[in-house]
Amino acid sequence: MHWLSKKRYICFMLLPTLLVYSAYIILPIIIASYYSLTRFSGIGEPEFIGLKNYQALLQDPFFWVSLKNTVIVLGVTLIVLIPSAFFLALLLNRDVKGSNVLKALNFAPAVIAPILVGLIWVFILDPDMGFVNVFLQKIGLEQLAFQWIGGTTLTPYSVGVVESWRILGFIATIFLAGLATIPREIYEASDIDGANRVQKLIFITIPMLNETFKINVILIITFCFKIFETVLQLTNGGPNHLSEVLVTYMYNVTFISGEYGYGMAVAVVTLLITIVFMALFMGLSRKRVEKKGV
Amino acid sequence: MNQAMTQRQENQNLAKSEKSKTKSKIWSYIPIYAITLIVMLPFLWMILLSFKSNSEILTSPFSLPTNLSLENYRSAIATLDLLLMYKNTIIIAVITVVVVIIITFMSSFALSRMVFKSGKLKGGLYYFLLLGLAIPPFILLFPIYRITIMFDLMNTHASLILPYIATSISFNTLLFMGFLKGFPKELEEAAIIDGCNLFTLCKSVVLPIIIPVIATIFIFNILYVWNEFPFAVTLISSDSLTTVPLGISEFKGRWNIDYGGIIAATVLVMIPQLIFYGFFQKYIIAGMTAGAVKG
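Cut-off values and rules
Residues numbered from 1 in each chain as written. Chains lettered and ligands numbered in written order. Predicted model: local features only at pLDDT ≥ 70, side-chain atom pairs only at ≥ 80, totals over all residues. Helix = DSSP H or I, 4+ residues; strand = E, 2+ residues; numbered from the N terminus. Buried ≥ 20, exposed ≤ 12 C-beta atoms within 10 Å, placed from the backbone. Contact = placed C-beta atoms within 7 Å. Nonpolar A, V, L, I, M, F, W, Y, C, P; charged D, E, K, R; others polar. Core = buried A, V, L, I, M, F, W, Y, C linked by C-beta atoms within 7 Å. pLDDT = per-residue confidence, 0-100. Axes fitted to C-alpha atoms, helices over the stretch in contact; angles between N-to-C directions. Parallel < 35°, antiparallel > 145°, perpendicular 65-115°, else oblique. Left-handed = near helix turned anticlockwise from the far one by under 90°.

Engineer: What exactly am I supposed to notice about the overall build of chain A here?
Structural biologist: In terms of helices and strands, chain A carries 13 helices and two strands. If you line up chain A on its principal axes, its C-alpha atoms span 75 × 75 × 40 Å. Taking all 294 residues of chain A together, the buried fraction comes to 41%. Excluding contacts between residues fewer than 6 apart, the proportion of contacts in chain A whose partners are at least 24 apart in sequence is 68%.

Here is the structure:
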């Protein structure tokens, strides 16, 4: 390989990737950080104002509402998805006839465009003509027919349910990959010791999947902080920004209100919050492992 | 005699366990089919509604459609320029995917096979290229919008192709590097001794070996471009450049309260995606899980 590793060959092979990557990933992050320190309305030169955008952010009630909604979406998704995806994986892991087809069907929502997912769920959640409320009225449970979307409180919970539906099959597939790595011998040994199914689940399967659970929590965090199209289709952040999540709020501030500098401050803070959430979770799970080790 | 007895007993035991097996099988069938049905419900609901008139949708949504009305589909096809949406998306997807596969293959080949003077630089570049996996695209929207204006690319196919290439680099690097690292170098070294140059080495020796990973990357990249919405809505304002996701985002506004039209349009773009997925689900599932687990 030495013969072909002349400097100009290496440069030639690396250059196109590095060029596009630097211009469209690295440079934009620098630009975003710079604009977040300015006031800029799209005309003329951006005016440098230091950390004022960030100070304004702390006083901005809509920012806190979007943060709260994002946390609700994340919470709902974690609570719904971790047990149900794990359960689905356990079921798929057995020798069920056509389990490949079932796996593919459950995975399908993760593949179609998120903008389409949002639109489909409008017809499920719409308070007047959506599936859920029409169904509830039909079986005589009118009192449960809430305003799932478009009201003042329930939208982020609904968004969490939609996201759970979207990535259920995907998260279950990761669990399945984890289940495949557990050696059969352990189960056989526990058979000899007379362990029943529940004991096997609690003392073998779940502890052995520790790593997989962690991966899935991290995946769910990244997915939830990227939700954009669903909110756009269901309510577009309304009424009066009440159902906004961080990403849609950033988008609306930047491109609809045209406050580019302030919008970039929201973007930078959103990125930082994502990182903090992941770091917190990883720190927590590490501590638990250390305690167990002692 | 004795032996025959144990044999019979064993058979009986076997039959018993067989019986309990079918019983437990039924118990595992019911929940899995129930879950799958619930997951499929939104799709089925859309398809059912798409054959109903607007008044039926509002008054009797659950009953089967009285006469299979194709009125909604007629309205959808008449209102939408499906051909244009698909044409733009296909142009952008094909150019993006071909270019990004070629350039990320080149850079991954260099980083996994070529000899660098400094090993640190090589490792550093690899992690540098993976950084993109952790960066959400939303922080890039406005800066890329500015860059696009600066390059005078607004409302061209290139305005989307370039960011799509950039945001695919990290994922492709991860998969290419993972595959190339696990592959022995002997064949390539033999080819070099035989006097192969860099181009023929890549084309005739390495390329045939990495076809499976290219297939996964190809389908994964296509899917990403096909579904991408945030960049498209930010960078495209001209109707003649509308992509499939952009078209979908306008359904609600176009038909206002003609639910039938929106639903039929939704089904019309949903079905091709599901068919595409049906054909390539193996690669898609492999690509998505590999990216997630390794990342």
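There is more to say, and it comes next.
Engineer: Teacher, can you tell me more about the overall build of chain B here?
Structural biologist: Scanning chain B from N- to C-terminus turns up 14 helices and zero strands. Beginning at the N terminus, the succession of helices and strands in chain B can be written as α-α-α-α-α-α-α-α-α-α-α-α-α-α. Within chain B, the fraction of its 295 residues that count as buried is 37%. Once local pairs closer than 6 in sequence are excluded, the contacts in chain B between residues at least 24 apart make up 77%.

Engineer: Would you mind showing me how to read the environment of B:F43 here?
Structural biologist: In this fold, B:F43 is placed in helix α1 (residues 2-50). Residues B:F43 and B:T266 lie 223 residues apart in sequence; the distance between their C-alpha atoms is 10.0 Å.

Engineer: Got a minute to help me understand the interface of chain A and chain B in this structure?
Structural biologist: Quite often, the size of an interface is put as the accessible area lost when its parts meet. Taken together, the contact pairs 70 residues of chain A with 71 residues of chain B. Per element, the largest residue contribution to the side of chain A that touches chain B is 15 residues, and it comes from helix α1 (residues 7-35) of chain A. Broken down by class, the residue content of the side of chain A that touches chain B amounts to 58 nonpolar, eight polar and four charged.

Engineer: Would you explain unusual backbone geometry in this entry?
Structural biologist: Glycine aside, residues mostly have negative phi, and peptide bonds are mostly found in the trans state. Cis peptide bonds are those with omega within 30 degrees of zero, and the linkage from A:G238 to A:P239 qualifies with -5°. Relative to the helices and strands, A:P239 is located in the loop between α11 (229-234) and α12 (246-256). At A:N240, a position not held by glycine, the phi torsion is positive, near 50°. Along the chain, A:N240 turns up in the loop between α11 and α12. Phi is positive for B:D152, which is not a glycine, with a value near 60°. Checked against the element boundaries, B:D152 lands in the loop between α6 (141-150) and α7 (157-181).

Engineer: Sorry if this is basic, but what is going on with the nonpolar core here?
Structural biologist: Generally speaking, soluble globular proteins have nonpolar side chains that are buried together. One finds A:A85, A:L116, A:L168, A:I171, A:A172, A:M250 and A:A267 to be the most contacted residues of the largest nonpolar core, which totals 145 residues. With 13 residues, helix α14 (residues 259-294) of chain B is the largest single contributor of residues to this core.

Engineer: How should the confidence of the model for chain B be read in this particular structure?
Structural biologist: Low pLDDT means the predicted coordinates in that region are not meant to be read closely. For chain B, the mean per-residue pLDDT works out to 85, and 90% of the residues sit at or above 70. Of all helices and strands in chain B, the one with the weakest mean pLDDT is α1(B) (74), whereas helix α11 (residues 230-235) of chain B scores best (95).

Engineer: Please explain the environment of B:L48 as it appears in this structure.
Structural biologist: Note on placement: B:L48 falls in helix α1. Placed 15 residues apart in sequence, B:L48 and B:S63 show a C-alpha to C-alpha distance of 9.1 Å.

Engineer: What exactly am I supposed to notice about the packing of α1(A) against α6(B) here?
Structural biologist: In a pair of packed helices, the angle between the axes and the distance between the axes together describe the arrangement. Two elements in contact, α1(A) and α6(B), have axes separated by 8 Å at closest approach and are oriented at 110°. It follows that α1(A) is roughly perpendicular to α6(B) by the angle criterion. Where α1(A) abuts α6(B), its residues A:A23, A:Y24, A:P28, A:I31 and A:A32 lie against B:F142, B:P143, B:I144, B:R146 and B:I147. Residues that form the contact of α1(A) with α6(B) fall into these classes: nine nonpolar, no polar and one charged.

Engineer: Help me understand the packing of helix α7 (residues 155-180) of chain A against helix α10 (residues 210-224) of chain A in this model?
Structural biologist: All names here are of chain A. Running from amino to carboxyl end, α7 crosses α10 at an angle of 155°, the nearest separation of the two axes being 10 Å. Compared by their axis directions, α7 and α10 come out roughly antiparallel. Crossing angle aside, the handedness with which α7 passes α10 is right-handed. For the pair α7 and α10, the contacting residues are E163, I167, I171, I174, F175 and G178 in the first and T212, I215, N216, L219, F223 and C224 in the second. Class assignment for the residues of the contact of α7 with α10 results in eight nonpolar, three polar and one charged.

Engineer: Whenever I open this one, the confidence of the model for chain A confuses me. Can you help?
Structural biologist: Overall, the prediction assigns chain A a mean pLDDT of 90, with 96% of residues at 70 or greater. Taking the mean pLDDT of every element in chain A, the minimum, 83, falls on helix α13 (residues 260-293) of chain A and the maximum, 95, on helix α3 (residues 61-93) of chain A.

Engineer: Explanation requested: the environment of B:T216 in the structure shown.
Structural biologist: The residue B:T216 is located in helix α10 (residues 211-227) in this model. For the pair B:T216 and B:G287, spaced 71 residues apart in sequence, the C-alpha separation works out to 5.6 Å.

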